[in-house]
Amino acid sequence: MRKFKNQSYTDFTKGENRKAMEDAIAKVESGLGKEYDLIIGGERVKAKDTFKSYNPSNKGQLIGIFQKADANLANRVIETAYKVFETWKFVLPEERSRYLFKAAEVMRRRRLELAAWMVFEVGKSWAEADADVAEAIDFLEFYGREMIRYGSPPALPQIPTEKSELEYIPLGVGIIIPPWNFPLAILCGMTSAAFVCGNTVVLKPSSDAPCIAAKFMEILEEVNLPAGVVNLLTGPGAIAGEILVAHPKARFIAFTGSMEVGLRINEVAAIHRLGQIWIKRVIAEMGGKDAIIVDSEADLDSAAVGVMSSAFGYQGEKCSACSRAIVVEDVYDEFLEKLISKVKTIKVGDVKDYGNYMGGVINENAYNSILKYIKIGKKEGRLLCGGEVAQGDGYFIKPTVIADVDSKSTIVQEEIFGPVLAVLKAKDFDDAIKIGNDTIYGLTGSVYTKNRAKIKKAKKVFHVGNLYFNRKCTGALVGSHPFGGFNMSGTDSKAGGSDYLLLFLQAKAISEKVS
Ligand code: NAD
């Protein structure tokens with residue numbers, strides 16, 4: 001088998017790639033508005049009610065109609081997954097991995113089409129959508145190889161009278177609850193990690209990105225994954241929380257999303273229910289308030305580019321997005337000047353057009369919440385650019401930079417999840433690190449400095465799950481940057497790393513007396 005290698009990105013500066021993406025966009029647009037079913041044990045199932053998904057960059061454009069599952073259907077899907085687990089768990093690791101490799105092949109073939117669905121359903125620019133598909137392919141290739149590795153664990157030290165071995169076996173039924181912001185990559189990563197380990201899955205996608213989940217299910221059907229290994233249940237978050245997570249036959253929950261929901265899931269899962277014969281395992285990756293530190297000994301041009309793309313790539317709707325720039329006072333004004341001149345070039349509008357760097361934020365609630373934070377921010381600091389909506393039919397908000405903010409202020413402490421950057425002034429490098437660590441989160445962080453001693457120090461004391469130097473704080477690559485955060489950012493499960501599959505497995509030690 002070839003060694004794992006990250007999928008490269010599509011180069012949209014090339015005319016032929018742009019044309020291919022335009023074609024994909026046109027094709028996807030002509031297929032919008034269809035109705036999608038739940039998939040339970042391979043069967044397509046309708047619910048009593050439906051809900052709709054719309055384009056955040058073109059509010060009236062219907063993406064699709066989806067089933068709103070109720071408690072009965074939620075119970076049915078768990079029972080189905082529970083039954084299928086009895087056979088799927090005995091399928092050999094190599095065979096399970098093969099489904100991932102085949103799915104990766106299909107994604108490569110359907111790459112631009114999948115990216116186009118993300119342009120429409122969640123407002124990703126071409127480059128962001130393409131990177132999302134690339135990451136999904138990476139997860140499939142990486143976890144497929146990882147399962148083969150875990151399928152042959154290293155030999156145990158032996159004692160003379162026995163033969164001892166260790167085997168990694170699956171857990172059971174997993175509830176997979178992904179967010180909308182990496183609607184293919186995170187969904188695919190969590191789901192494929194769970195089922196390649198021999199577990200069966202109930203996938204409950206976000207109601208802001210159900211169509212991408214339906215496309216993922218099409219791919220699993222195309223590679224003939226046995227029915228019922230992955231089941232799709234669309235519907236309200238409460239169904240996931242109160243029925244799926246609480247169900248005594250659910251063995252584990254893999255969640256990525258906000259801190260509030262993650263904490264609630266952890267609480268619900270902790271309660272032992274009648275008939276439940278295990279303690280549920282919860283893998284929860286949550287929010288961030290990520291900082292980039294710009295030191296007095298930094299390359300300020302490169303820092304300005306890094307902060308700009310980390311703060312405003314995909315409208316700042318990444319858990320890893322830079323929402324705090326902490327700048328040492330000696331270079332504060334010079335850095336801000338460079339940053340603002342770059343931010344002012346950002347184009348906001350319908351991301352169907354290649355030229356737009358930022359699209360609409362995900363929905364009306366997010367739009368109102370971000371605008372509310374901007375209002376607070378204008379009081380807490382000095383507005384340097386943005387601070388208002390942008391014209392058009394989407395939930396468009398201009399990239400906003402608010403400077404001179406105090407570390408304890410609301411816009412510095414709370415996750416806004418939109419295109420709002422707070423800039424803070426630090427007295428010196430040590431002060432910058434102190435401010436960097438001064439939130440309840442600990443997901444990503446980056447430091448721009450040329451000074452080796454400062455790099456060494458930040459490695460020790462900057463408490464974030466993913467620490468970068470002299471580069472942006474977004475864009476973790478599967479394999480090279482195992483991803484996950486500390487403190488209220490989650491359980492640091494390190495998606496895309498070599499420990500990840502262990503979260504979906506349990507080890508069985510077997511010893512036989514031989515003499
Ligand atoms: P969210 O918490 O609102 O929703 C996440 C998922 O939980 C969705 O599928 C939703 O339907 C479901 N859900 C909602 N209520 C629920 C409940 N009561 N019980 C069970 N499930 C429920 O988050 P979001 O808006 O989809 O995503 C944005 C958040 O995700 C941000 O906070 C971001 O930082 C975080 N995020 C974290 C990471 C990471 O790796 N740490 C990655 C991406 C996003």
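Keep in mind it's a predicted model, so treat the numbers as computed, not measured.

Undergrad: Kindly report on empty space enclosed by the protein, identifying the contributing residues and their values.
TA: Scanning the model with the defined rule gives 1 cavity of 30 Å³ or more in all. Of the volumes computed, that of the largest cavity is approximately 100 Å³. Gly316, Ala321, Ser323, Glu415 and Phe417 are the residues nearest the centre of the largest cavity, which is lined by 14 residues in total. Looking at the lining of the largest cavity residue by residue, the class counts come to 6 nonpolar, 4 polar and 4 charged.

Undergrad: Got a sec to walk through the site of the ligand? Specific residues and values, please.
TA: Around the ligand, 27 residues are found, and the nearest of them are Pro178, Trp180, Ser258, Met286 and Glu415. Backbone polar atom of Pro178 to an oxygen atom of the ligand: 2.8 Å apart, as the coordinates give it. One of the backbone N or O atoms of Ser206 is found 3.4 Å from an oxygen atom in the ligand. If you list the elements that add at least two residues to the shell around the ligand, you get helix H8 (237-244), strand S10 (250-256) and helix H9 (259-270). If you tally residues by element for the shell around the ligand, the top one is H8, at 3 residues. Looking at the shell around the ligand residue by residue, the class counts come to 15 nonpolar, 9 polar and 3 charged.

Undergrad: Got a sec to walk through the pairing of strand S16 (residues 420-426)? Specific residues and values, please.
TA: Counted residue by residue, S16 has 6 buried out of 7 residues, so it is predominantly covered. In terms of strand pairing, strand S13 (residues 322-328) meets S16 through 5 bridges, oriented parallel. Across the sheet, Arg324 pairs through a bridge with Ala422, a residue of S16. Pairing of strand S15 (residues 400-403) with S16 involves 3 bridges; the strand directions are parallel.

Undergrad: Kindly report on the nonpolar core, identifying the contributing residues and their values.
TA: Within the largest apolar cluster, 111 residues are counted, with the highest numbers of intra-cluster contacts made by Met107, Phe195 and Leu501. The greatest single-element share of this core, amounting to 11 residues, is contributed by helix H5 (residues 126-151). Discounting residues that sit within four places of it in the chain, Met107 has contacts with Leu114, Val133, Ala136, Ile137, Leu140, Leu184, Cys188, Phe216 and Ile219. Judged by nonpolar contacts, the second largest core, of 34 residues, contains Ala298, Ala303, Cys322 and Tyr332.

Undergrad: Provide a residue-level description of the packing of helix H2 (residues 71-88) against H8, including the pertinent values.
TA: For the pair H2 and H8, the least separation of the axes is 10 Å and the interaxial angle reads 55°. Classified by the angle their axes make, H2 and H8 are oblique. Regarding H2 and H8, the two cross each other, and that crossing is right-handed. Every residue of H8 that contacts H2 at Ala71, Ala74, Asn75, Val77 and Ile78 is listed here: Ile239, Ile243 and Leu244. Classifying every residue of the contact of H2 with H8 gives 7 nonpolar, 1 polar and no charged.

Undergrad: Lay out the packing of aromatic side chains with the relevant residues and their values.
TA: With the rule as written, the count across this model stands at 17 aromatic pairs. Judged by centre distance (5.2 Å) and plane angle (5°), the ring pair of Tyr36 and Phe66 falls under stacked. Pair noted here: Tyr36 is in the loop between strand S1 (34-35) and strand S2 (38-40) and Phe66 is in strand S5 (residues 58-68), with a separation of 30 residues, a long-range link. An identical accessibility class is assigned to Tyr36 and Phe66; each is buried. Here the aromatic residues Phe4, Phe139, Phe142, Tyr143, Phe252, Tyr500 and Phe504 are joined through ring pairs into a cluster of three or more. The side chain of Lys124 reaches across the aromatic face of Phe182, ending 3.9 Å from its centre.

Undergrad: Give me the pattern of salt bridges: which residues, what numbers.
TA: Per the stated rule, a full pass over the model turns up 31 salt bridges. A salt bridge links Lys215 to Glu218, with the nearest nitrogen and oxygen atoms 3.1 Å apart. Of this pair, Lys215 and Glu218 are both found in helix H7 (residues 210-222), 3 residues apart, which corresponds to roughly one turn of the helix.

Undergrad: Report on the sheet that holds strand S12 (residues 290-294), specifying residues and quantitative values.
TA: With mixed pairing, 7 strands are arranged side by side in an open sheet as S14-S15-S16-S13-S12-S17-S18. The open sheet has two edge strands with one neighbour each: strand S14 (382-385) and strand S18 (466-469). Neighbouring strand axes in the sheet, compared pairwise and without regard to direction, differ in orientation by 20° on average. Relative to strand S17 (residues 444-448), S12 runs parallel, the two sharing 4 bridges. Along S17, the bridge assignment pairs Ile292 with Ser446. Strands in contact with helix H12 (residues 364-380) are S14, S15 and S16; relative to S15, the strand with the most contacts, it is inclined by about 30°.

About the criteria used
Residues numbered from 1 in each chain as written. Predicted model: local features only at pLDDT ≥ 70, side-chain atom pairs only at ≥ 80, totals over all residues. Heavy atoms only, no water. 1 Å grid on protein atoms, 1.4 Å probe; cavity = no way out; pocket = protein on both sides within 12 Å on 5 of 7 lines; lining within 4 Å. Points joined across faces, edges and corners; volume = space filled by probe spheres on them. Nonpolar A, V, L, I, M, F, W, Y, C, P; charged D, E, K, R; others polar. Near = heavy atom within 4 Å. Polar contact = N/O pair within 3.5 Å; in protein donor to acceptor, adjacent residues only side chain to side chain. Helix = DSSP H or I, 4+ residues; strand = E, 2+ residues; numbered from the N terminus. Buried < 20%, exposed > 50% of the residue type's maximum accessible area, 1.4 Å probe, protein only. Pairing = 2+ DSSP bridges. Core = buried A, V, L, I, M, F, W, Y, C linked by side-chain atoms within 4.5 Å. Contact = heavy atoms within 4.5 Å. Axes fitted to C-alpha atoms, helices over the stretch in contact; angles between N-to-C directions. Parallel < 35°, antiparallel > 145°, perpendicular 65-115°, else oblique. Left-handed = near helix turned anticlockwise from the far one by under 90°. Phe/Tyr/Trp six-rings, centres within 6.5 Å; stacked < 30°, edge-to-face > 60°. Lys NZ or Arg CZ within 6 Å of the ring centre and 35° of its normal. Salt bridge = Lys/Arg side-chain N within 4 Å of Asp/Glu carboxyl O.

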